[in-house]
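So you can see what is in the structure, the chains are spelled out below.
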Amino acid sequence: METLIDRARHVASDGLPGPPRILEFGLMPLVTAAFPERTTFLDTRLRWADVRTRAPRSGSLPLRLLKLARRVAGIGRACLAQDYDIVVARCVGPVNSAGHAYPVHAALSLIGLAFRGLVLFAARGPRVRLAVLDVTDHLTIHPRDRAFLRRCDLFFKRELAANPWNTLETVLPRGACAGHARQDPACLALRAKLRPFALGIEATALKTPIPASARSYDLFYAGSAQGIAFRETVSGVLPRLAARGWRIHAPTHRLSPEAFAEAITQSRFCLSPGGVGWDCYRHYEVASLGSVPIFDTRPLTGIEPFLHGREGFYLDPQEDLERALDQLLRTDDAGVDRMTSAAQALVERVYTFDALARYVIAETLALGPSPRTASPPSEALVAAKAGHRQPSLN
């Protein structure tokens, strides 16, 4: 069966008359790093802290204000020139102003509106495609991104629900419900724009794994429950697994990044339950460092999911977790080594930042020329003849 990544590769290999030119908005370059020769990256971190800084060689206050104004003007010129074929931008998402006074909330809201207006201006007209990336933890699309969903060509959603109508519930047209939306052409058009996405990981994180027989631990887990039921249950199960004789490494203190990576490398399996969002950096970090990830189960749509028993294992929260983990830990070393290799191959093929960038561009190119660019078909007027039948409206 052809996966989304396979289809994207086929489109990329078929290609277009020339490589597409890309404009990327955001806080960090994703597409730009994969296609540096044809991408313009506009850093939208116009932070007032850059103006207030007292760092050495930062210049006087008027000079810093001038630099900020030049950055804004440069962004405006790039959008006005429209010397690109595809615009890639992050979604607006929630304001994230909890705990701040209302003026701060209002200011952040206005900044989000300005960013959205800038992106939509950059993607104006019939020629340019717009791809929006939503990497928030939420299962639904935030209402502030309703305009993006309507105007974009593709909406890449991390935490995309297995039933996509659940993801669309908050952005359907006013008065529409998910049940009715499945028969509404406008809502079906929104559904067709959705694509799965993921956080991913840098390609340099992939390391050569050590043999399973040489590892120090059977299972590693580090994390706080934070009111998440599955994590709370797992925390109670691990001591009982240790009492059965399994080598469990579950430190209660915070590990340094180096110690955390070493613990993964030295473990046959690593628990990687989701947090607020299921998709998390740890999934790909565990596989990249040569361990086998064990996930909890949530009904989501993935680009090319880790398959149970091949690249990882999934736990059903409604099962007896102690018995289920005990069975998984009995996997022989040869099986662990096979799964480690398969998981690393999957991450390298699908979930590195460069692979995700190629996927976004290839999926956008797969849409073909914008239908808005096609000239309307000429209508031939045919003289009516006696007895000529009119088309039925039934």
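Residues numbered from 1 in each chain as written. Predicted model: local features only at pLDDT ≥ 70, side-chain atom pairs only at ≥ 80, totals over all residues. Heavy atoms only, no water.

As recorded by an unreviewed UniProt entry, the protein chain carries the name RXYLT1 C-terminal domain-containing protein and is attributed to Methylorubrum extorquens.

A. Seen up close, the overall build of the protein chain. Looking only at helices and strands, the protein chain has 15 helices and eleven strands in total. A buried classification covers 43% of the 394 residues belonging to the protein chain. For the protein chain, the share of sequence-separated contacts (at least 6 apart) that also reach a separation of at least 24 residues comes to 69%. Total accessible area on the protein chain is roughly 21,100 Å²; 57% of this is exposed by carbon and sulfur atoms. (Helix = DSSP H or I, 4+ residues; strand = E, 2+ residues; numbered from the N terminus. Buried < 20%, exposed > 50% of the residue type's maximum accessible area, 1.4 Å probe, protein only. Contact = heavy atoms within 4.5 Å. Areas by Shrake-Rupley, 256 points an atom, 1.4 Å probe, with all protein chains shown as cover.)

B. Molecular detail of the layout of surface pockets. One number sums up the size of the second largest pocket: a volume of about 560 Å³. Taken together, 26 residues form the lining of the second largest pocket, with A222, G223, R254, F260 and R282 sitting closest to its centre. At the level of elements, α11 (257-265) and α12 (281-288) are the ones that each hand at least two residues to the lining of the second largest pocket. Here the lining of the second largest pocket is composed, by residue class, of ten nonpolar, nine polar and seven charged. Mapping the lining of the second largest pocket onto the domain boundaries places at least three of its residues in each of domain 1 (18-199 + 352-365) and domain 2 (201-350). (1 Å grid on protein atoms, 1.4 Å probe; cavity = no way out; pocket = protein on both sides within 12 Å on 5 of 7 lines; lining within 4 Å. Points joined across faces, edges and corners; volume = space filled by probe spheres on them. Nonpolar A, V, L, I, M, F, W, Y, C, P; charged D, E, K, R; others polar. Domains from an automatic or database assignment.)

C. Region of interest: unusual backbone geometry. Even without being glycine, E159 reaches a positive phi, approximately 65°. Following the sequence through the fold, E159 ends up in the loop between β5 (154-157) and α7 (164-168). Although it is not a glycine, Q226 adopts a positive phi angle of roughly 50°.

D. Molecular detail of a nonpolar patch on the surface. Together, V104, L108 and I111 line one region of the surface with nonpolar side chains, adding up to about 230 Å² of accessible area. Topologically, I111 is positioned in helix α5 (residues 102-122). (Patch = residues over 30% accessible without salt bridge, like charges linked within 9 Å, V, L, I, M, F, W, Y side chains within 5 Å. Salt bridge = Lys/Arg side-chain N within 4 Å of Asp/Glu carboxyl O.)

E. Looking closely at the packing of α12 against helix α14 (residues 333-351). Relative to each other, α12 and α14 sit at 125°, their axes nearing to 8 Å. When the interaxial angle is binned, α12 and α14 end up oblique. Seen along the crossing, α12 lies across α14 with a hand that is left-handed. For the pair formed by α12 and α14, the contact residues are Y284, A287 and S288 on the first element and A343, Q344, V347 and Y351 on the second. (Axes fitted to C-alpha atoms, helices over the stretch in contact; angles between N-to-C directions. Parallel < 35°, antiparallel > 145°, perpendicular 65-115°, else oblique. Left-handed = near helix turned anticlockwise from the far one by under 90°.)

F. Inspection of the sheet that holds strand β8 (residues 248-249) at higher detail. The strand order β8-β7-β9-β10-β11 describes an open sheet built from five strands, whose pairing is parallel. Both outer strands of the open sheet, β8 and β11 (313-315), are each paired with one neighbouring strand and no more. Packing against the sheet, helix α13 (residues 321-329) makes contact with β7 (217-220), β9 (267-271), β10 (292-296) and β11, and its axis sits at approximately 170° to β11. (Pairing = 2+ DSSP bridges.)

G. Inspection of the pairing of β7 at higher detail. Summarising the sheet, β7 and β9 pair through three bridges and their orientation is parallel. Bridge pairing links L219 to F269 in β9. Here β7 pairs with β8 via two bridges, running parallel. Residue pairing in the sheet places F220 in a bridge with H249 of β8. For the handedness criterion, the β-α-β arrangement of β7, helix α10 (residues 229-243) and β8 is classed as right-handed. (Right-handed = clockwise from strand over helix to strand, strands pointing away.)

H. Structural context of the side chain of E322. Mapped onto the secondary structure, E322 falls in helix α13. Within polar-contact distance, the side chain of E322 engages the side chain of R240 at 2.6 Å. When neighbours within four sequence positions are excluded, E322 is seen to be in contact with V237, R240, L241 and R244. (Polar contact = N/O pair within 3.5 Å; in protein donor to acceptor, adjacent residues only side chain to side chain.)

I. Broad picture of the sheet that holds strand β4 (residues 129-134). Overall, parallel pairing links the six strands, which are arranged β2-β1-β3-β4-β5-β6 in an open sheet. Edge positions in the open sheet fall to β2 (39-43) and β6 (194-196), since each of these has one partner strand only. The sheet shows a mean angle of 20° between the axes of neighbouring strands, direction not considered. Sheet contacts for helix α9 (residues 185-193): β5 and β6; angle to β6, the most-contacted strand, approximately 25°.

J. Molecular detail of the pattern of salt bridges. All told, the structure shown has 20 salt bridges when counted by the stated rule. Between E363 and R195 there is a salt bridge, with its nearest N and O atoms 2.9 Å apart. With E363 in helix α15 (residues 353-365) and R195 in strand β6, the pair connects residues that are 168 residues apart, well separated along the chain. Residue E363 shares its accessibility class with R195, and that shared class is buried. With a closest N to O distance of 2.5 Å, R349 and E304 form a salt bridge.

K. Structural view of the packing of aromatic side chains. Per the stated rule, a full pass over the model turns up eleven aromatic pairs. A ring pair is formed by W278 and F295, whose centres lie 5.4 Å apart and whose planes are at 50°; its orientation type is tilted. One end of the pair, W278, is in the loop between β9 and α12; the other, F295, is in strand β10, and 17 residues separate them in sequence. Residue classification places F295 among the buried positions, given a relative accessible area of 0%. Seen in terms of ring centroids, F306 and Y351 are 6.0 Å apart; in terms of plane orientation they differ by 5°. Their pairing is stacked. Here the residue F306 occupies a position in the loop between β10 and β11, and Y351 occupies one in helix α14, the gap between them amounting to 45 residues. (Phe/Tyr/Trp six-rings, centres within 6.5 Å; stacked < 30°, edge-to-face > 60°.)

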